[in-house]
Amino acid sequence: MSDQPSEASRPPEKPRGAGTPRPPEPPAAAEAAGTPAANEPGPSEARTAGATPADTARPSPAQASDGRRQRAQAAQQAGQPGSPWQHGAGAPVAKDDGMTARLRPPPPPLIRPAVLGSVLATALLSALFLGDGLGVNLLIVAVPAALAAFFAARAVGRRLRPWTAIWAVGGLALLAVPALRDAGWPTFLAVVSAFALGSLALHGSRSWPGVLIGSLGLFDSVVPGIIWGVRGIRARAGGSRANWGATLRTTAVALVLLVVFGTLFASADAAFAELLGSLMPEASVGAGPWRTLLFALGLAGALAAAHAAAAPVRWDGLTVRPAKPRGRAEWALPLIVLNLLFAAFITLQLVVLFGGYDKVRDVTGLSHAEYARQGFWQLLWATLLTLLVIALALRWAPRGGTGDRTLVRSVLGPLCVLTLVVVASALRRMDLYVDEYGLTRLRISVAAMELWLGVVLILILAAGVFGARFLPRAVAVSAAAGVLAFGLLSPDGLIAEQNVQRFEDGRSTSIDIDYVKDLSADAVPALDRLPEPERSCALRIIQNDVLHDDTPWYATSWGEARAKEILEKRPVKGDGSDCYRVGREGAGDGYEPDDDGYDPY
């Protein structure tokens, strides 16, 4: 509905000079609405010269419609002064329709040429480089997309803040993992985390709902971004066709020159032809539909990023109402009992840690590895449930004054410290199990998860001392940093290195060829140290994938390139007929199932 009053309720207008003088309109509103200057007669005054005041008080329907349109345009140009989300002139005023009005800022102004150019560059690079795999091409595509968001934010007056820089730099750093590592599982984690950090950089969230929903908030800008881009292109194409024609002519001339002289130089020098062929992405008619889809996805993604940077949704406006505070005794007694239970368990763990394994073996009959394997998953779940208990306890905690805050800290602080000891015990158990049976992908993943939960507990303790203002963002940063470190450390390389080291030290009579042969190319430097025939049996599948793959340079990771170099110098030997008996003696290490056949490792 319109914010303007109806014609029936609007009081009659008075001619200029009659009664109270009319206050001057703002310059921007006057210019946008076409209002004439104070000393110049407007078109309506020229038409109504000599008319009576009664005539001028009853405008025709056409004049009334023109007046409403002019007033709406003036309101759009003037904006809402004083609003912190009013980015600049040209953004229409958001209507007050409840939740949407609290979360969504006014629509951004027309798309700028710099933003449009960056968006088109992102779409073109997506079509050219993203169809053959993942590698450094993700960074190549992300750079113009980030520039489009930067230009869009600068056009509406947004400034680069420290946390925005942290999210943006972290997202780009995570995209380095596919460029360095060949393993698919850390690459997947890195790409998802990079998307989440990029969305947080565009929205600037700081609360728990803002960080959780803002990490996925870029999806909300896809459709508005496309509409914004189409409207901007139409508006600019209609007003500057000559400029568009000059741009197209310049681009066509540049392409013709590149093709002509590039062809001449390539035919004149074989080395230059080989270099040019390796740098240029392959394009074929059969890949046309796939490249078109990638172009559309890149275009939509860049427009969504630019729109989110120009008009970010305020996800921090979503608030969770605090629960009703409980009484001190009702709240504290269950947590004190839980603390006592944790203390009793940890006391036993300390006894075992300081030389009590012999007694445990005598009583239970379990070896070190079996004892470690039996309790790791339970301790992991205990850590997760403790974090849930802390969150619920803070929701119902008493909030009467200084005494209540002291009570909350004195109860939850020891619980966090005791849970850290549980985390250390779980990691110790996993270390014992890995030392006995070797490292696998599942074992290194759950150990990294447990280690990150310990970091979260430390952050909660710090929030209890220094305040919880930065806790949501600190937890998000710790998760992204963990994913980045996990990818850069090359988990497949660590798995191969640890198993090869156990084989070399004699702790294992043989290496599990059936497992290590399915690792990625990141494991090649470690597996290359194995003696024959173990080396050839472990590397045969990886060699077939690496040497017979024609993946272009931009979709090849550094780990794959290093493996290819190693295997070209020392290819595998034999035909693989003797690989069946190799490694069978110790192939079951770490995989002895229980009586029911279930093994969580």
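How each quantity is defined
Residues numbered from 1 in each chain as written. Predicted model: local features only at pLDDT ≥ 70, side-chain atom pairs only at ≥ 80, totals over all residues. Heavy atoms only, no water. Helix = DSSP H or I, 4+ residues; strand = E, 2+ residues; numbered from the N terminus. Buried < 20%, exposed > 50% of the residue type's maximum accessible area, 1.4 Å probe, protein only. Contact = heavy atoms within 4.5 Å. Areas by Shrake-Rupley, 256 points an atom, 1.4 Å probe, with all protein chains shown as cover. Patch = residues over 30% accessible without salt bridge, like charges linked within 9 Å, V, L, I, M, F, W, Y side chains within 5 Å. Salt bridge = Lys/Arg side-chain N within 4 Å of Asp/Glu carboxyl O. Core = buried A, V, L, I, M, F, W, Y, C linked by side-chain atoms within 4.5 Å. Lys, Arg positive; Asp, Glu negative; His and termini not counted. Charge placed at Lys NZ, Arg CZ, Asp CG, Glu CD. Phe/Tyr/Trp six-rings, centres within 6.5 Å; stacked < 30°, edge-to-face > 60°. Lys NZ or Arg CZ within 6 Å of the ring centre and 35° of its normal. Axes fitted to C-alpha atoms, helices over the stretch in contact; angles between N-to-C directions. Parallel < 35°, antiparallel > 145°, perpendicular 65-115°, else oblique. Left-handed = near helix turned anticlockwise from the far one by under 90°. pLDDT = per-residue confidence, 0-100.

1. Examining the overall build of the protein chain
And step 1. A tally of helices and strands in the protein chain yields 25 helices and zero strands.
And step 2. Here the protein chain holds 601 residues, and the buried ones make up 37% of them.
And step 3. Taking as baseline every contact in the protein chain between residues at least 6 positions apart, the subset at least 24 positions apart corresponds to 77%.
And step 4. Accessible surface computed for the protein chain: about 33,800 Å², of which carbon and sulfur atoms make up 65%.

2. Remarks on a nonpolar patch on the surface
And step 1. On the surface, Val253, Val256, Leu257, Val260, Phe261, Leu264 and Phe265 cluster together into a nonpolar patch covering about 660 Å² of accessible area.
And step 2. Inspection of the secondary structure assignment puts Val260 in helix 13 (residues 241–268).

3. Comments concerning the pattern of salt bridges
And step 1. In the structure shown here, the tally under the stated rule is twelve salt bridges.
And step 2. The salt bridge involving Arg104 is made with Asp220; its shortest N-O contact spans 2.9 Å. Taken together, the residues Arg104 in the loop between helix 5 (99–103) and helix 6 (113–129) and Asp220 in the loop between helix 11 (208–214) and helix 12 (222–239) connect sequence positions 116 residues apart.
And step 3. Taking relative accessible area as the criterion, Arg104 reaches 34% and is therefore assigned partly exposed.
And step 4. The shortest N-O distance in the salt bridge between Arg535 and Glu532 comes to 3.7 Å.
And step 5. Residue Arg535 is classed as buried on the basis of its relative accessible area of 1%.
And step 6. Overall, Glu532 belongs to the partly exposed group, its relative accessible area being 34%.

4. Examining the nonpolar core
Soluble globular proteins tend to bury their nonpolar side chains together.
And step 1. The biggest cluster of nonpolar side chains holds 62 residues, and the ones touching the most others in it are Trp331 and Leu527.
And step 2. If you tally residues by element for this core, the top one is helix 18 (residues 402–437), at twelve residues.
And step 3. If near-sequence neighbours (up to four positions away) are discounted, Leu527 is found in contact with Ala496, Val500, Val516, Arg535, Ala538, Leu539 and Ile542.
And step 4. If you look at the next biggest cluster of nonpolar residues, it comprises 20 residues, including Ala149, Leu218, Trp228 and Ala308.

5. With respect to a positive patch on the surface
And step 1. Positive charge collects at one region of the surface, where Arg159, Arg161, Arg206 and Arg469 lie side by side.
And step 2. With respect to the helices, strands and loops of the structure, Arg161 is situated in the loop between helix 7 (137–155) and helix 8 (162–174).

6. Quick word on the packing of aromatic side chains
And step 1. Under the definition given, this model contains nine aromatic pairs.
And step 2. Three or more aromatic residues joined by ring pairs form one cluster here, namely Phe129, Trp553 and Tyr554.
And step 3. Lying across the ring of Trp396, Arg395 places its NZ or CZ 5.8 Å from the centre.

7. A look at the packing of helix 8 against helix 20 (residues 471–488)
And step 1. Where helix 8 contacts helix 20, the axes come no closer than 10 Å and their chain directions differ by 20°. Taken as axis vectors, helix 8 and helix 20 run roughly parallel relative to one another. Here helix 8 and helix 20 pass one another in a crossing that is left-handed. In this structure, helix 8 contributes Trp163, Ile166, Trp167, Ala173 and Leu174 to the contact, and helix 20 contributes Arg473, Ala474, Ala476, Val477, Ala480, Val483 and Leu484.

8. Structural notes on the confidence of the model for the protein chain
Do not read the predicted coordinates in detail wherever pLDDT is low.
And step 1. Averaged over every residue, the pLDDT of the protein chain is 77; the share at 70 or more is 71%.
And step 2. Helix 1 (residues 27–33) is the least confidently modelled element of the protein chain, averaging 38 in pLDDT, while helix 20 averages 95, the highest of any element.
And step 3. Note that residues 1–59 has pLDDT below 50 and, in this model, 26 contacts with residues that lie over four places away or in other chains.
And step 4. Here residues 72–97 is modelled with pLDDT under 50, and outside its nearest four sequence neighbours on either side it reaches 38 contacts, counting other chains as well.

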